[in-house]
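Residues per chain are reported as follows:
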Amino acid sequence: MPPSSSEIRFVYFDLGNVLVAFDRRLACQNVANLFAGDASHVDNFLNIQGLQNKLESGQINEPDFAATVRQQMRAAAADGVDTTAFDNVGDEAILTAISDMFTPIESMRDVLRAVRQTGMPIGILSNTCNAHWSWVNSQAYSVLEGPFEVCVVSHEVQSMKPDRLIYETAADHAGKIANASPETILFLDDREENVLAAREHGWHAEVCLGGEEAEQVLLEYGVLPDKVLRNENSLEAAPRS
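Residues numbered from 1 in each chain as written. Predicted model: local features only at pLDDT ≥ 70, side-chain atom pairs only at ≥ 80, totals over all residues. Heavy atoms only, no water.

## Some words on the environment of H173
Within the fold, H173 resides in helix α9 (residues 164-178). C-alpha of H173 to C-alpha of E149: the two residues are 24 residues apart in sequence and 9.0 Å apart in space. The contact partners of H173, leaving out residues within four places of it in the chain, are Y12, V150 and V152. (Helix = DSSP H or I, 4+ residues; strand = E, 2+ residues; numbered from the N terminus. Contact = heavy atoms within 4.5 Å.)

## Regarding the confidence of the model for the chain
In this model, the chain carries a mean pLDDT of 93, and residues with pLDDT of at least 70 account for 93%. Long-range and interchain partners of residues 231-241, a stretch whose pLDDT sits below 50, account for 29 contacts in this model, where long-range means more than four residues apart. (pLDDT = per-residue confidence, 0-100.)

## Quick notes on the pairing of strand β4 (residues 122-126)
Within β4, 5 of the 5 residues are buried, which leaves the element mostly enclosed by the surrounding structure. Burial of β4 is two-sided: the residues I122, I124 and S126 facing one way and the residues G123 and L125 facing the other way are all buried. When strand β1 (residues 10-13) meets β4, the two strands line up parallel, connected through 3 bridges. Within β4, the position partnered with F13 by the bridge is I124. With helix α7 (residues 130-137) bridging β4 and the parallel strand β5 (residues 150-153), this β-α-β connection has right-handed handedness. (Buried < 20%, exposed > 50% of the residue type's maximum accessible area, 1.4 Å probe, protein only. Pairing = 2+ DSSP bridges. Right-handed = clockwise from strand over helix to strand, strands pointing away.)

## Concerning unusual backbone geometry
In this structure, the amide linkage connecting G146 to the following residue, P147, adopts the cis form with an omega of 10 degrees. Examined against the element boundaries, P147 turns out to sit in the loop between α7 and β5. A positive phi angle is found at A36, which is not glycine, with a value near 50 degrees. Tracing the chain through its elements places A36 in the loop between α1 (24-34) and α2 (39-48). The class of A36 is exposed, set by a relative accessible area of 75%.

## Quick look at the sheet that holds β1
Spatial ordering of the open sheet is given by β5-β4-β1-β6-β7, a layout of 5 strands whose pairing is parallel. What marks the edges here is a single partner per strand, and that holds for β5 and β7 (204-207). Across the sheet, the mean angle separating the axes of adjacent strands is 20 degrees when strand polarity is ignored. Note: β1 against strand β6 (residues 185-189), 4 bridges, orientation parallel. Following the sheet pairing, F13 is matched in β6 by L188. On the sheet, helix α10 (residues 192-200) packs against β6 and β7 and is oriented at approximately 170 degrees with respect to β7. Packing against the sheet, helix α11 (residues 212-220) makes contact with β1, β6 and β7, and its axis sits at approximately 165 degrees to β6. (Axes fitted to C-alpha atoms, helices over the stretch in contact; angles between N-to-C directions.)

## Comments concerning the layout of surface pockets
What the largest pocket holds in volume is close to 490 Å³. Lining the largest pocket are 28 residues; nearest its centre among them are F22, R24, E56, N127 and R191. Secondary-structure elements contributing two or more residues to the lining of the largest pocket are α1, α2, α3 (51-56) and α10. (1 Å grid on protein atoms, 1.4 Å probe; cavity = no way out; pocket = protein on both sides within 12 Å on 5 of 7 lines; lining within 4 Å. Points joined across faces, edges and corners; volume = space filled by probe spheres on them.)

## So, the packing of aromatic side chains
All told, the structure shown has 7 aromatic pairs when counted by the stated rule. Seen from their ring centres, F22 and F102 are 6.3 Å apart, and the 55 degrees between their planes marks the pair as tilted. In this pair, F22 sits in strand β2 (residues 20-22) while F102 sits in strand β3 (residues 102-104), placing the two residues 80 residues apart along the sequence. Taken individually, F22 and F102 each receive the classification buried, so the pair is uniform in this respect. Centroid distance F35 to F86: 5.0 Å. Interplanar angle 75 degrees. Geometry classified as edge-to-face. One end of the pair, F35, is in the loop between α1 and α2; the other, F86, is in the loop between α4 (62-76) and α5 (91-99), with 51 residues separating them in the sequence. Residues F35 and F86 agree in their burial class; the two are buried. The positively charged end of R116 is found above the aromatic ring belonging to F148, 4.9 Å away from the centroid. (Phe/Tyr/Trp six-rings, centres within 6.5 Å; stacked < 30°, edge-to-face > 60°. Lys NZ or Arg CZ within 6 Å of the ring centre and 35° of its normal.)

See the structure below:
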């Protein structure tokens, strides 16, 4: 059974599919378009083989990431294709291509506002690279206007959920900000493995998407005293990915 609101002292929200929706297929197509290539090939080296995860965990810097993308696209080019022009595709164009895939989950704006009105401190805990983080924060999304007491992002910590270090870092921040011990932290994430890892660290955590699902979790834990979203037709949530 969820604890009472008096037992929750800090709430962390995941970024992807909780505050903003994203479409990896669109990112892959954006990259493919830069090189007149194939989106499925981009998906293979970017997501399946883990190049994106290396960027998000700080294992590779942005110039090396962009160079690897050009190398991968050059290797996959059809016979007879002049790939010398690939060198003219700049780092910034590649980083923009992988980042231009987000849309805000607008219904979370009112949910966050209601949580803040209770006096509950909140933060973001996300697996994200600098390119994605910079992109969403440059888009003037109302859901990210803040204030957030802290944003713990994987490329800065050099650790990704569900790994231990990123949770320990987030818990340390919550402790300093709100005197929150692990059992007084609530975490909302769209992926089960990340939620299970949080629970292993003593947190309360639930799998949900942004919108009505997130609101329901906050109601069940007593963080929100009353329902915020009245019009179900206004909800914007994304499929888990």
